[in-house]
Amino acid sequence: MKKYRVGLIRVLTTDDTQLMQMHGALIEQYFPMLQVESRCIPDQPEGIHDDQTMALGAPKVVAMAKEMWQEGFDAIIVSCAGDPGVAQARQAVPIPVIGAGESTAALCMFYGSHPAVLGITEDVPAGYQRVFGDHIVDNARGKGVESVLDLMTPQGYSATVDQAQRQKQLGADVIALSCTGMSSIQIAPALERETGLPVLDPVMCEGLMTLFELIRKDARTE
């Protein structure tokens, strides 16, 4: 079985090696053909969760993508649902650059036509807006949840479950998680049990889209 070397960019700056490697470890578990090396951009202790942190973080993502390409990676994943720097990185490097947000939104449309977005921001991330258009039933975050760190508290977890149940009542037939921190706490299966709806995990989605793009690229060159 062919193995692909994938660089994964985390936008939450952390010295916790286990936390930094978590998304890559999940992807390797889901997709054994991918060998993932994770790195985090500097000076973003709360990740990217608003316009200000997006403006600061996107150029750092592009710079790291260039480094990874020069080191010989086959593809790059930007493991953030806001897809910071993804479009710019694609212009800067000749290998696939996959964003978590656009991957999740695209795969959601396989499961339903009335998606809800559930994350940590007031605004719908651009990748979700582009794919969903005016089909979005609702965009929400749990009460008191404003960053990845809030998701890791019992209160933040409970508040997120409450919002998913509300979105089902509003008519959603699929829920797109719009924060990869939700993958870190693996909340998608719990939300599926609570709501009975498909709930798409951004890290699983970004891994699948990366593998698909790498296989498709190989097929074009055979």
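Values in this document were obtained by computation on a predicted structure and should not be read as measured data. (Residues numbered from 1 in each chain as written. Predicted model: local features only at pLDDT ≥ 70, side-chain atom pairs only at ≥ 80, totals over all residues. Heavy atoms only, no water.)

Engineer: Quick question: what am I supposed to make of helix α1 (residues 17–30) here?
Structural biologist: The α-helix advances 3.6 residues per turn, and as a result positions three or four apart in sequence lie on the same side. Over its 14 residues, α1 extends 20 Å from the first C-alpha to the last, a length consistent with the 20 Å expected when each residue adds 1.5 Å. Check the buried side of α1 and you find it contacts β1 (4–10), β2 (34–40), β3 (75–78), α8 (181–184) and α10 (202–221). (Helix = DSSP H or I, 4+ residues; strand = E, 2+ residues; numbered from the N terminus. Expected span 1.5 Å × (residues − 1). Contact = heavy atoms within 4.5 Å.)

Engineer: What should I look at first to understand the packing of helix α7 (residues 154–169) against helix α9 (residues 188–195) in this one?
Structural biologist: Across the interface, α7 lies against α9 with an axial gap of 10 Å and an inter-helix angle of 45°. Relative to α9, the element α7 lies oblique. When the axes of α7 and α9 are compared, the crossing they make is right-handed. Taking contact as the criterion, the partners of Tyr 157, Thr 160, Val 161, Ala 164, Gln 165 and Lys 168 in α7 are, on α9, Ala 190, Leu 191, Glu 194 and Thr 195. Of the residues that constitute the contact of α7 with α9, the class distribution is 5 nonpolar, 3 polar and 2 charged. (Axes fitted to C-alpha atoms, helices over the stretch in contact; angles between N-to-C directions. Parallel < 35°, antiparallel > 145°, perpendicular 65-115°, else oblique. Left-handed = near helix turned anticlockwise from the far one by under 90°. Nonpolar A, V, L, I, M, F, W, Y, C, P; charged D, E, K, R; others polar.)

Engineer: What is the right way to look at unusual backbone geometry in this model?
Structural biologist: Glycine aside, the phi torsion of most residues is negative, and most peptide linkages are trans. Located in the positive-phi region is Asp 83, a residue other than glycine, with phi close to 55°. Phi is positive for Gln 186, which is not a glycine, with a value near 50°. Of note, Gln 186 is situated in the loop between α8 and α9. Using a relative accessible area of 44% as the deciding quantity, one classes Gln 186 as partly exposed. (Buried < 20%, exposed > 50% of the residue type's maximum accessible area, 1.4 Å probe, protein only.)

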